[in-house]
Amino acid sequence: MKPQNRLISGALFSCALLSCSPAIADINVGVVLSLTGPAASLGVPAKNAIDLLPRELAGEAIRYIVLDDASDTTQASRAFRRLVDEHKVDVILGTSVTPSTLALVPIALEKQVPLLSLAASVKIVEPMDPQRRWVFKAIQNENLMVAATLAHMKAQGVKTLGYIGFADAYGDSWLAETRAQAEPAGIKVVAAERYVKTDTSVTAQTLKLLGARPDAVLVAASGTPGALPQKSLRERGYQGGIYQTYGIANREFLRIAGKDAEGAVFAVGPVVVASQLDPANPIRAVATDLTQRYEAAYGKDSMSVFAANAWDASIVLQHALKTAMGTAKPGTAEFRSALRDALEGTRDVVTSQGVSTMSPNDHVGYDARAAVMVQIKNGAWRYVQ
């Protein structure tokens, strides 16, 4: 008997003695992140969170294969295809920004591989149609965050609003939702300006906003580029309220914006102010656990909402994996289909940012508990509502 055959026979003999069943294949999770380029301040915290995730589930190994898209839509698409074609992944998490993630949506359908978005825009999952059937996210849609933001503005007596945001899908979604909800809230949008995340100046846009004399300005941006309008408005003497979006909830924004960030208000997931939540809030325990783990690994005050996005996606994914593993073998089309169905069947899963219950028409599943109002005070986040 040849040596290799002897090894195979020995393995089969041992298996027979132990009455063992064939092992389930490793679960391969692909991850596409913006680790370099303008969106790196979003992608790096997410990668840090991925590094903290468990590598085993129900006795089966989980492998994470991480690729950098360099904050580029074309590279994000290439990375997705490579993860599926070369690494045979069962699911993909990513990518860090909305425009690149939107490019992945049709590929997820083509490849029949579930995509858990780490970008925020509602356009990624709505309208729920056949093309978006394979796409999910554990990040709040803009309508929920806009509602909380406008409610805070109304309570502060804001009647007129200026807007400046990214000239991309993220900015488009925020502007459309703000316009849709502002008038019913008794707030008039008096100016709307756009800029590109790689711009180094927004002087012209700022002057136009100042000329409209709004009671408050909403900045719809993400990562460190969100600091540009914040600083420009304050440096030119704007005294009204400045509102941001959850896209700026990391320490890098605070560092870049500096003293000009003081007083800015934004709606965000509860994880940003985990220790300030009501002890009875079920989200607090999950958010606190993540914050403690993350800061133990990466330093005090290092916690970022972008790390939470990756962590929460993994919480939802792990629940779905347990269900799918009972019906099919990882690495197969049947498993990917079962995983898609399990994600859609998510029920009452508590993450660091909300409680998710999905359905065929809702691939996010968060309610009002997923939005809190936070203000920047003395260089830190402070829960205000």
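All of these numbers come straight from a predicted model, not from anything done at the bench.

Draft legend 1. Spotlight on helix α7 (residues 203-212). Inspection of α7 places Q205, T206 and L209 among the buried residues, and these make up the whole buried set. The arc that holds the buried residues of α7, viewed along the axis, is 100°, so those residues lie on one side. Residues of α7 that are exposed and angled more than 90 degrees away from the buried face: K208 and G211. Buried residues in α7 make contact with β7 (160-166), β8 (188-195), β9 (216-220) and α8 (227-235). Phi for R213, located one or two positions after α7, is positive at around 55°.

Draft legend 2. Highlighting the packing of helix α3 (residues 73-85) against helix α4 (residues 98-111). Relative to each other, α3 and α4 sit at 30°, their axes nearing to 8 Å. By the angle between their axes, α3 is roughly parallel relative to α4. Where α3 crosses over α4, the handedness of that crossing is right-handed. Where α3 abuts α4, its residues T73, A76, S77, F80, R81, V84 and D85 lie against P99, S100, A103, L104, I107, A108, E110 and K111. Across the contact of α3 with α4, the residue classes tally to 8 nonpolar, 3 polar and 4 charged.

Draft legend 3. Molecular detail of the sheet that holds strand β1 (residues 27-33). Pairing within the open sheet is mixed, and its 6 strands lie in the order β2-β3-β1-β4-β5-β6. Either end of the sheet is taken by a strand with one partner, and the two such strands are β2 (56-57) and β6 (135-137). Sheet analysis places strand β5 (residues 115-117) next to β6, joined by 3 bridges and oriented parallel. Looking at the pairing, L116 lines up with F136 of β6.

Draft legend 4. Just the UniProt feature "domain: Leucine-binding protein" (unreviewed entry) in the protein chain, in detail. UniProt's entry tags residues 27-379 with the feature "domain: Leucine-binding protein" (unreviewed entry), counted in the numbering of this structure. With 41% helix and 19% strand, residues 27-379 has end C-alpha atoms that lie 41 Å from one another.

Draft legend 5. Looking closely at the pairing of strand β10 (residues 241-244). Of the strand pairs in this sheet, β9 and β10 are connected by 3 bridges, and their pairing is parallel. Looking at β10, one finds that V217 is bridged to I242. The parallel pair β9 and β10, bridged by α8, forms a crossover whose chirality is right-handed.

Analysis parameters
Residues numbered from 1 in each chain as written. Predicted model: local features only at pLDDT ≥ 70, side-chain atom pairs only at ≥ 80, totals over all residues. Heavy atoms only, no water. Buried < 20%, exposed > 50% of the residue type's maximum accessible area, 1.4 Å probe, protein only. Helix = DSSP H or I, 4+ residues; strand = E, 2+ residues; numbered from the N terminus. Arc of directions from axis to C-beta. Contact = heavy atoms within 4.5 Å. Axes fitted to C-alpha atoms, helices over the stretch in contact; angles between N-to-C directions. Parallel < 35°, antiparallel > 145°, perpendicular 65-115°, else oblique. Left-handed = near helix turned anticlockwise from the far one by under 90°. Nonpolar A, V, L, I, M, F, W, Y, C, P; charged D, E, K, R; others polar. Pairing = 2+ DSSP bridges. UniProt positions renumbered as here; feature names shortened; annotations may be inferred. Right-handed = clockwise from strand over helix to strand, strands pointing away.

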